[in-house]
Amino acid sequence: MSEHDPPDAYRFNKLRDSSGSHRLTLVKAAIEAAETDVEPPRPVFAHLPAGEGVWLGFDLDRYGSQRTRVAVRRAVTAEFDPQARVVGEFPVPMRGKLGSAVVTLPSRLVEEAGLGEADRATAVAAAPGLLLFLTERRAAAGDVGSALERLRGALADRRDR
């Protein structure tokens, strides 16, 4: 993976309202670092809320085990929002748009992650096929490097089984 881990400077995109859902254009460097091909057939990503202003996106072809996805989510929640009780998993196909990738965020994900219309968010490559999403205020408030370490530790623990 390239050095997008976390990046020296984040690039944020605004959540855009789209018929009851929200769209988010993803940061190209994160997509490339996560080794995600957005050309057809496009991957389906399972989005799991992990706390206020933070969620994970797993490529379902690479992370077929829901237990693994939940274990990783628990590790991220423990770092960013240990008191949060988060639930839900929302599979969404990635879309392409003029050389970039776009995801639609279902309204339940938006609710569970406490996202607002004015929020700006970024994606950070966490592992091949795995993205950590953060709002601008969450990235400023939390230690992203520690969250990535916990995430990768949980992922390694699950792969060792």
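Further up the page is the structure itself.
The structure presented is a predicted model; accordingly, all values stated were derived computationally and were not measured.

Student: Kindly report on the sheet that holds strand 1 (residues 13–14), identifying the contributing residues and their values.
Tutor: What the six strands build is an open sheet, ordered 1-9-10-5-4-6; its pairing is antiparallel. Edge positions in the sheet fall to strand 1 and strand 6 (90–93), since each has one partner strand and no second. In the sheet, strand 4 (residues 44–51) pairs with strand 6 via four bridges, with the strands oriented antiparallel. When the bridges of strand 6 are listed, Val 44 appears paired with Pro 93. Along the sheet, helix 2 (residues 66–80) contacts strand 4, strand 5 (54–59) and strand 10 (130–135); its crossing angle with strand 4, the most-contacted strand, is approximately 35°. Against the sheet, helix 5 (residues 144–159) engages strand 5, strand 9 (120–127) and strand 10, with an angle of about 45° to strand 9.

Student: How would you explain the pattern of salt bridges if you had to name every residue and give the values?
Tutor: Within this structure, the stated rule accounts for seven salt bridges. Between Arg 137 and Glu 52 there is a salt bridge whose closest N-O contact spans 3.7 Å. Here Arg 137 is found in helix 4 (residues 136–141), whereas its partner Glu 52 is found in the loop between strand 4 and strand 5, with 85 residues between them in sequence. A relative accessible area of 43% places Arg 137 in the partly exposed class. Within this structure, Glu 52, Asp 119 and Arg 137 form a network of salt bridges that share partners.

What counts and what doesn't
Residues numbered from 1 in each chain as written. Predicted model: local features only at pLDDT ≥ 70, side-chain atom pairs only at ≥ 80, totals over all residues. Heavy atoms only, no water. Pairing = 2+ DSSP bridges. Helix = DSSP H or I, 4+ residues; strand = E, 2+ residues; numbered from the N terminus. Contact = heavy atoms within 4.5 Å. Axes fitted to C-alpha atoms, helices over the stretch in contact; angles between N-to-C directions. Salt bridge = Lys/Arg side-chain N within 4 Å of Asp/Glu carboxyl O. Buried < 20%, exposed > 50% of the residue type's maximum accessible area, 1.4 Å probe, protein only.

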